[in-house]
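Structure assessment
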Amino acid sequence: MVQKHVKRSPAAIKEALCGYISISPWLVGFIILTFIPILSTIYYSFTRWTIMDAPVWIGLENYIRMFTKEPLFYQAVRATSLYVAMSLPVIIVFGVLLSLLLNMKIKGMNFYRTLFYIPAVISGVSIAMLWTWLLQPDVGIVNTLLSYLGIQGPKWFWDPKWALPSVASMSLWKVGGSAVIYLAGLQNIPPQLYEAARIDGAGKLRIFFRITIPLLTPTLFFQLIIQMIEAFKVFTEAYVITKGGPLKATYFYLLYFYEEGFQHFNTGYASALILFLVVIIMLMTAAVNYTSKHWVYYEGEGKSK
Amino acid sequence: MNNAITIANVRKKYRQKKMLVSVLTHLFMISLSMIFLVPILWMFSTAIKSRWDIFLWPPEFFPKVWQWVNFRDVFTRVPMLRFIGNTFFIIVIKTIGELLAVPLIAYGFARLRFPGKNALFMLVISTMMIPLQTKLIPLYSMYVRIGLIDTYWPLILPAFSGTPFFIFLLIQYMKTMPRDLDDAAKIDGLGTFGILYRILLPLCIPALTIIVTYTFLWTWNEFLQPLIYLNTYEKFTIQMGLEMFKGIWSVEWNLLMAATLATMAPVLIMYFFAQKRLIGGIASVGMKG
């Protein structure tokens, strides 16, 4: 592997060898559990294959079937894009707002921070169960409280119009998770900048838009990508609560993928499905990345714009 | 004299105004807290109600009779303890795997020089972004072929090759440690791996606790992978067990909430003990790309 003619000292060769030994658990895992599976998924997406029999090469047929013969595919795409469009902006905006609140210097702030982060650690099925109970149309606490205000609450998960917003509000409940990350970003802004701005006579609003927001943009950018990927991957809520209903309103893409791949075992077709999602996620990430040079502020870029 | 009184007055007014702002802020924060607190309290309230009390109108926050027996029912009517035990077993094995693999891998990336390191590091980072589902079908078919379906192997094996997030976390942590440490240890005659295990690792304990905590948290909450790999219900994890209850006790919300609460309790307890570390850990990685 490492050859003499590269002109390395024996010590450097030994160090390189130790380096490869130390990362070998990851490398082996990467090859067997990530690299080969991903290549296989690409190959299987061009085959007719149902897990037990041998895959048969059928070219683009899975993709043609996906785009032209499967109304379920369009329902899944529709539900997922609506969900991303609905939840992503709200999660970002409320995450930043919450982090601004949590950045205030008042007594007992640690208590609030601890509290707001709780929903972020109890994800999974339990959170879905809790919300199924909270949003029960007749006996749920939310509709009960609404009825005290004289509002007739909707049927939430059981109404085709309200099911998506219900899932979205569940994800909004977990907003504390990203708020603490923005908070870390806020606390990384050097206080001298604020001082200098104040001495120059800048008002609070001006400071917010000229210092806080620009210096938060790198964190915002990174979170935008992470939250977007998370939103595309919405699954557990729909699997546990709605099973994709009512009227396929919450029939998210990964639910479709799960049903095709692991219930009907149309594994070849499901491979094509998941690759399409990955391509969409990559394109969206690239698009966000492309816009980043217009709005993400990096230090050393030159101070004024 | 007159002047002094005015200044005192101004100070008093200022203090009063400050006080008012502080009270209003707290009022606002407390009412905001309710959005996060009420659902959890309501879950608790439901979990100790009788099956008639949950449908009472108007609903009571504190039922007249606290029916603790619900929790006993949850544990006796379904093998809840077994699900918890299964999950803990997986957590312990995965933790061992992560603790064996991650420090070694992170050390290689943080401290040793070898050709191709930067490219490989980029791979570690990019694998964090790849949705698990992309590799699920080939992995499933591989495990079917070698007969590991309905065992815990598919769930625990990846831990022994290190979770990319943890590798990244520990690399960042090791990079903050001065290189002089390594040099001093080298002079004292420690070998390459001696430096890792004798010198660096003890200093990494804060980062390692983050890894242990997150392994616990994520494994406890994991749903999709157990759902796919496990078939026999004696082998179910806690989240799968909870999902199963939903089918058994469709409208007995007191039992369902007792089960949900029992499922959340270990995570909540751990969160309160480790919250500073948890939040600090996620924040340090979440900020940089």
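Residues numbered from 1 in each chain as written. Chains lettered and ligands numbered in written order. Predicted model: local features only at pLDDT ≥ 70, side-chain atom pairs only at ≥ 80, totals over all residues. Heavy atoms only, no water.

**Looking at the overall build of chain B**
The secondary structure content of chain B amounts to 13 helices and zero strands. Starting at the N terminus and walking to the C terminus, you meet the elements of chain B as α-α-α-α-α-α-α-α-α-α-α-α-α. In terms of overall size, chain B is more extended than a compact globule, its C-alpha atoms giving a radius of gyration of 26 Å where 289 residues would be expected to give roughly 19 Å. For chain B, the spread of C-alpha atoms along the three principal axes comes to 75 × 70 × 35 Å. Expressed as a percentage of its 289 residues, the buried residues of chain B come to 52%. Within chain B, contacts between residues at least 6 apart in sequence are counted, and of these 73% link residues at least 24 apart. When the accessible surface of chain B is totalled, it reaches about 14,200 Å², and 69% of it is carbon and sulfur. Of the charged side chains in chain B, 27 are positive and 13 negative; the average position of the first set lies 13 Å away from that of the second. (Helix = DSSP H or I, 4+ residues; strand = E, 2+ residues; numbered from the N terminus. Rg over C-alpha atoms; globule rule 2.2 N^0.38 Å. Buried < 20%, exposed > 50% of the residue type's maximum accessible area, 1.4 Å probe, protein only. Contact = heavy atoms within 4.5 Å. Areas by Shrake-Rupley, 256 points an atom, 1.4 Å probe, with all protein chains shown as cover. Lys, Arg positive; Asp, Glu negative; His and termini not counted. Charge placed at Lys NZ, Arg CZ, Asp CG, Glu CD.)

**Quick word on helix α5 (residues 133-145) of chain B**
Over its 13 residues, α5 of chain B runs 19 Å from end to end, which matches the ideal 18 Å to within 8%, given 1.5 Å per residue. For α5 of chain B, a buried count of 10 out of 13 residues is recorded, marking the element as mostly surrounded by other parts of the structure. For α5 of chain B, the full list of buried residues reads Q133, T134, K135, L136, I137, P138, L139, Y140, S141 and Y143 of chain B. On the buried face of α5 of chain B, the contacting elements are α1 (10-44), α12 (253-263) and α13 (267-295) of chain A together with α6 (153-156) and α11 (224-229) of chain B. Looking one or two places after α5 of chain B, you find G147 of chain B, whose phi comes out positive at around 70 degrees. (Expected span 1.5 Å × (residues − 1).)

**Here we look at the pattern of salt bridges**
As enumerated under the stated definition, the model contains 10 salt bridges over all chains in all. Between K233 of chain A and E230 of chain A there is a salt bridge, and its shortest N-O distance comes to 3.7 Å. By relative accessible area, K233 of chain A is classed as partly exposed at 24%. The partner of K235 of chain B in a salt bridge is D150 of chain B, and the shortest N-O contact between them spans 3.5 Å. (Salt bridge = Lys/Arg side-chain N within 4 Å of Asp/Glu carboxyl O.)

**Comments concerning the interface of chain A and chain B**
By a widespread convention, an interface's size corresponds to the accessible area lost as its parts come together. On the side of chain B, 87 residues touch chain A, which itself brings 88 residues to the contact. For the chain A and chain B pair, buried surface summed over both sides reaches about 7,900 Å², with 78% attributable to carbon and sulfur atoms. When the area that chain A buries against chain B is broken down by residue, the three leading residues are W26, M129 and W133 of chain A, summing to 10%. Here R113 of chain B ties to E15 of chain A by a salt bridge, and the two come within 3.2 Å at their closest N and O atoms. Counting residues per element, the side of chain A that touches chain B draws most heavily on α1 of chain A, which supplies 22 residues. (Buried area = accessible area lost by both parts, 1.4 Å probe.)

**Some details on the side chain of T217 of chain A**
Residue and element names in this part refer to chain A. Looking at the secondary structure, you find T217 in helix α10 (residues 204-232). Owing to a relative accessible area of 5%, T217 belongs among the buried residues under this scheme. At 2.9 Å, the side chain of T217 and the backbone nitrogen of Y297 are in polar contact. (Polar contact = N/O pair within 3.5 Å; in protein donor to acceptor, adjacent residues only side chain to side chain.)

**With respect to the packing of helix α9 (residues 191-199) of chain A against α10 of chain A**
Residue and element names in this part refer to chain A. Their axes nearest at 11 Å, the elements α9 and α10 cross at an angle of 165 degrees. In terms of orientation, α9 lies roughly antiparallel with respect to α10. Handedness of the α9/α10 crossing: right-handed. Residues L193, Y194, A197 and R198 of α9 pack against I207, I211, T212 and L215 of α10. Here the residues of the contact of α9 with α10 are counted per class, giving six nonpolar, one polar and one charged. (Axes fitted to C-alpha atoms, helices over the stretch in contact; angles between N-to-C directions. Parallel < 35°, antiparallel > 145°, perpendicular 65-115°, else oblique. Left-handed = near helix turned anticlockwise from the far one by under 90°. Nonpolar A, V, L, I, M, F, W, Y, C, P; charged D, E, K, R; others polar.)

**Some thoughts on the state of the cysteines**
In total, this model carries zero disulfides over all chains according to the counting rule given. Among the cysteines around C18 of chain A, which has no disulfide bond, C204 of chain B carries the closest sulfur, lying 18 Å off. (Disulfide = S-S within 2.5 Å.)

**Concerning the environment of V77 of chain A**
All names here are of chain A. Tracing the sequence through the fold places V77 in helix α3 (residues 71-102). The exposure class of V77 is partly exposed, given its relative accessible area of 27%. Put simply, V77 and T291 are 214 residues apart on the chain and 24 Å apart in space, counted from C-alpha to C-alpha. Ignoring sequence-local partners within four residues, the contact set of V77 consists of Y253 and F276.

**Observations concerning the nonpolar core**
Counting residues in hydrophobic clusters, the biggest one holds 188 residues, and the most contacted among them are L102, F116 and I122 of chain A together with F109, Y229 and F245 of chain B. Considering every element that reaches this core, the biggest residue donor is helix α13 (residues 253-287) of chain B, with 15 residues. Two domains each put at least three residues into this core: domain 1 (4-61) and domain 2 (70-295) of chain A. Residues contacting I122 of chain A, with those up to four places away along its chain left out, are I127 and W173 of chain A together with N221, M264, V267 and L268 of chain B. (Core = buried A, V, L, I, M, F, W, Y, C linked by side-chain atoms within 4.5 Å. Domains from an automatic or database assignment.)

**Examining the packing of aromatic side chains**
All names here are of chain A. All chains considered together, the criterion is met by 61 aromatic pairs over all chains. Between F111 and Y112, the ring centres sit 5.7 Å apart and the planes meet at 65 degrees, which makes this aromatic pair edge-to-face. One cation-aromatic arrangement involves K243 over Y239; the distance from NZ or CZ to the ring centre is 3.8 Å. One residue, K248, lies across the ring of Y251, its end atom 4.2 Å from the ring centre. (Phe/Tyr/Trp six-rings, centres within 6.5 Å; stacked < 30°, edge-to-face > 60°. Lys NZ or Arg CZ within 6 Å of the ring centre and 35° of its normal.)

**Looking at the environment of I36 of chain A**
With respect to the helices and strands, I36 of chain A occurs in helix α1. A C-alpha to C-alpha distance of 16 Å links I36 of chain A and A272 of chain A, two positions 236 residues apart in sequence.

**Some thoughts on the confidence of the model for chain A**
Fine structural detail should not be taken from predicted coordinates in areas where pLDDT scores are low. A residue-level look at chain A finds 95% of positions with pLDDT of 70 or above and a mean pLDDT of 89. Looking across chain A, the model is least confident in helix α4 (residues 109-121) of chain A, with a mean pLDDT of 88, and most confident in α12 of chain A, with 95. (pLDDT = per-residue confidence, 0-100.)

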